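# Chain and residue survey
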2 protein chains.
Amino acid sequence: MDGNSHDTGTDPVVVALGGNTLLGERGPWTMDEQLAVIERTARQISDAIDAGHDIVLTHGNGPQVGNLLLQQERVSETPQLPLDVLVAETQAQIGYLLQQALDNELTDSPDFMTVVTQVVVDEDDPAFQNPTKPVGPFYTEAEAVEKSFETRKVSTGDRPYRRVVPSPEPVELVEGDEIARLVRRRNLVISAGGGGVPVVRESGLRGVEAVVDKDKSSQLLAEELDADTLVILTDVEFAYVNYTTPDQRPLHRISTEKLRAHLEAGEFGEGSMQPKIEACLRFVERGGERAVITSPDRLRDALAGEAGTQIRA
Amino acid sequence: MDGNSHDTGTDPVVVALGGNTLLGERGPWTMDEQLAVIERTARQISDAIDAGHDIVLTHGNGPQVGNLLLQQERVSETPQLPLDVLVAETQAQIGYLLQQALDNELTDSPDFMTVVTQVVVDEDDPAFQNPTKPVGPFYTEAEAVEKSFETRKVSTGDRPYRRVVPSPEPVELVEGDEIARLVRRRNLVISAGGGGVPVVRESGLRGVEAVVDKDKSSQLLAEELDADTLVILTDVEFAYVNYTTPDQRPLHRISTEKLRAHLEAGEFGEGSMQPKIEACLRFVERGGERAVITSPDRLRDALAGEAGTQIRA
C-alpha cells in the first residue's frame, strides 16, 4: 500500500466533545459567548495535540439542532426540512467554528477538516417503534396534541412536552473509509457530529427522522479507526458512583467488569452519564485499549493517564 | 512523494452547480421537490463521471442561506448567528443531500465527501466599503430603515428592500491543500459551497459578514487544483449575445479575446451571466485549458466538447 511513509506511528485517539465544550451555561447565549467557549476548548485540544496525540474529533449538537427545529417551526413560508438535513447543518455550524479555532491555535500543523458524515441505522431497529429522544422546543399540552409528530411529557411546568424521535443504534459510518484514510495520513478531522446524519440503506441511502447518540457514534468511529483510546468529554472530571449523595465517590481507574456492575446497579444517570459509560464499555469490551471520561480542562492529563475515569479491560 | 500510484491520470474538472441544479422553479418548494431536482442533477453528474471525468463539485446557496436568515430574524429567542456561520450550515445542508444522491448513483466508486471550506478575503477589499450583494428576505421601506444592517432598494413593489453585504474577491481556500490531496487520490469532493465561508486572516482566521461569489471561488478552486476545465452549470445551455432580443445568438466556441469584447460591451446580465463569464475568462487567461458554461442536462456532452459555450485561449 502506498502512503505508509505518512502513516501515523501512534494509534489515533477519538475525542467526543459534549455540549458544554461548545456552549456555556444552559440558556440563551450570544455568538461571542459561544466563540469564547469554543476557543477555550480549542486550546485544550491543541495542548493535547502538542503533547503528541493524534486526535480525531466528534461532537454533540443538542442545543444547535433544537434551535434549527424551533426556527423552522415558527417560519411557515420556508421549507420544513427533515431532521437528518438539520443534523447535517449543525455538523458544519459547529465544525466550522471548531476548525477555525483549532487552525488558529495550531499554526504549524495541517488544517483541521470537517467532513459531513452519514451514519447507517437499521430500519428494523426497535427504536423506530419507540421514540424516546427529546428534541427541539417545549410545548404546552394543547400545542403538543396538535403536532403532526410524536410528543411526550418530559418535564413539569407550563410547557412539559417535547417532540421525541427514535434513537437507533449506529451500524456503519458511510464516510468511514474516507475518514480512516485521512486520519492515517495525519489529517486532522472533525466528523460524525451530532452522532452523524442518520440514514437507512435500502436500494440506496435515505435520510430518516432520528437522532443517533453521539457517544455511540464516537465509539463506532473509534472502532472503525482502530483507535487505542476513546475520550468522552463532559462537564465533570470523573464518572461517579452515588452521584450527588453524601457517599459520592469518583471513579479513577476501573475495569470493565467492575464498571459494568455499577452500570447494572443503575448508578449512572439515564440520558447523561449512562450512555457515556455504555459507549466506553462497548469500546473496551470490543478490543479498544482504553476509554476515558473527563472534562475538557483535564484532557491532556487524562491522556497521560493522570486524570479522569480511566477504563481498561 | 508517496501516493503517486493513486494519482489521477487525467486532470480534474471543477463543476460549479447553480441554484437551479439544486432547486426547481423559484418560489416555495417542498423537501420532495428539492430531492427530485438533486437526484436529477446527481444522475447528470454521474453520467459525466462514468464517461471518465474526475469531477470536483462546488455549488451555490442563495435560496438556502436566505431561508436561514429569514428564520433566525423571526425567532428572537434563538441565537442570531453571523452570516459566515449560516454559509457553513448551507454547505452541509446541500452537500449532504448531494453526496447522498451521488453515492446512490455511483455504487462502484468511493463515496463523495463534503468538506466545510473557508475562503480568505482581504479585509481591505473595497467591497467592504460598498456592500452590493442582496441576501435574505425582502422588506418594506419602514422595515428596512429599522434594520441594524445595510439595506438597499433592489426591486419594485411593496417590499423592494433587501439586506446587502460585501462580496469581496476570494484570495485563498483555507482547506485548499487538503482538498487538492483528496482530489489527487481520487476522492470525490464537494467543497467551497456557497462560495466558501468568508474569513479574514489577521493574527488568525476570523469569519466576516460577507458572501463570496461562487463562480469566483470555483475559479480559484480550479486554479488551486490545476484543473484543466472549469464548468459553470446554469439554467441555459449557452451564454448568449443579444440575450432575449430578436438577435439573440448562442456562443458555441469562442476565444477569451472575443468573449472579453462581448463582456466589455455589456452583453451579459449583471449578477447572472456576467460573473460566470468573468470567472471563465479569469480561469483561461490564467492558464486553464478550457472553461464551459452550460446546463446540467448537457454536462456530459459539454465535457466532450459537443455542447455549451466552450471558452479557450
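A brief structural summary. (Residues numbered from 1 in each chain as written. Chains lettered and ligands numbered in written order. Predicted model: local features only at pLDDT ≥ 70, side-chain atom pairs only at ≥ 80, totals over all residues. Heavy atoms only, no water.)

## Comments concerning the side chain of Asp213 of chain B
Residues and elements named next belong to chain B. When you line up the elements, Asp213 lands in the loop between β11 (205–207) and α6 (214–224). Here Asp213 is buried and forms no salt bridge, its nearest opposite-charge partner Lys133 lying at an N-O distance of 5.7 Å. Reaching out from Asp213, the side chain makes a polar contact with the backbone nitrogen of Lys216 at a distance of 2.9 Å. Ignoring sequence-local partners within four residues, the contact set of Asp213 consists of Ser167, Gly195 and Pro275. (Helix = DSSP H or I, 4+ residues; strand = E, 2+ residues; numbered from the N terminus. Buried < 20%, exposed > 50% of the residue type's maximum accessible area, 1.4 Å probe, protein only. Lys, Arg positive; Asp, Glu negative; His and termini not counted. Salt bridge = Lys/Arg side-chain N within 4 Å of Asp/Glu carboxyl O. Polar contact = N/O pair within 3.5 Å; in protein donor to acceptor, adjacent residues only side chain to side chain. Contact = heavy atoms within 4.5 Å.)

## A short note on the nonpolar core
In this structure, Val15, Ile55, Leu57 and Leu299 of chain A together with Val15, Ile55 and Leu57 of chain B are the most contacted members of the largest nonpolar core, which totals 96 residues. Every residue in contact with Ile55 of chain B, bar those within four places of it in the chain, is listed here: Val13, Val15, Ile45, Ala48, Ile49, Leu188 and Leu303 of chain B. Core analysis: the next-biggest nonpolar cluster, separate from the first, contains 90 residues, Val189, Val208 and Ile311 of chain A together with Leu263 of chain B among them. (Core = buried A, V, L, I, M, F, W, Y, C linked by side-chain atoms within 4.5 Å.)

## Some thoughts on the pattern of salt bridges
All names here are of chain A. Per the stated rule, a full pass over the model turns up 34 salt bridges over all chains. Two residues, Arg260 and Glu285, come together in a salt bridge whose shortest N-O distance is 2.9 Å. On the criterion of sequence distance, the pair formed by Arg260 in helix α7 (residues 256–264) and Glu285 in helix α8 (residues 273–285) is long-range, its members being 25 residues apart. Since its relative accessible area comes to 29%, Arg260 is described here as partly exposed.

## Things to note about the packing of aromatic side chains
The full count for this structure, using the stated rule, is six aromatic pairs over all chains. When the ring of Tyr139 of chain B is compared with that of Phe149 of chain B, the centres are 6.2 Å apart and the planes differ by 40°; the resulting orientation is tilted. Within this pair, whereas Tyr139 of chain B is found in strand β5 (residues 133–139), its partner Phe149 of chain B is found in the loop between α4 (141–146) and β6 (151–153), the two being separated by ten residues in sequence. Note on Tyr139 of chain B: relative accessible area 3%, which makes it buried. Of the residues examined, Phe149 of chain B reaches a relative accessible area of 24% and is grouped as partly exposed. With 5.2 Å between their ring centres and 25° between their planes, Tyr240 of chain B and Tyr243 of chain B make a pair best called stacked. You can call Tyr243 of chain B partly exposed: its relative accessible area is 42%. The ring of Phe149 of chain A has Arg163 of chain A lying over it, and the distance from NZ or CZ to the ring centre is 4.7 Å. (Phe/Tyr/Trp six-rings, centres within 6.5 Å; stacked < 30°, edge-to-face > 60°. Lys NZ or Arg CZ within 6 Å of the ring centre and 35° of its normal.)

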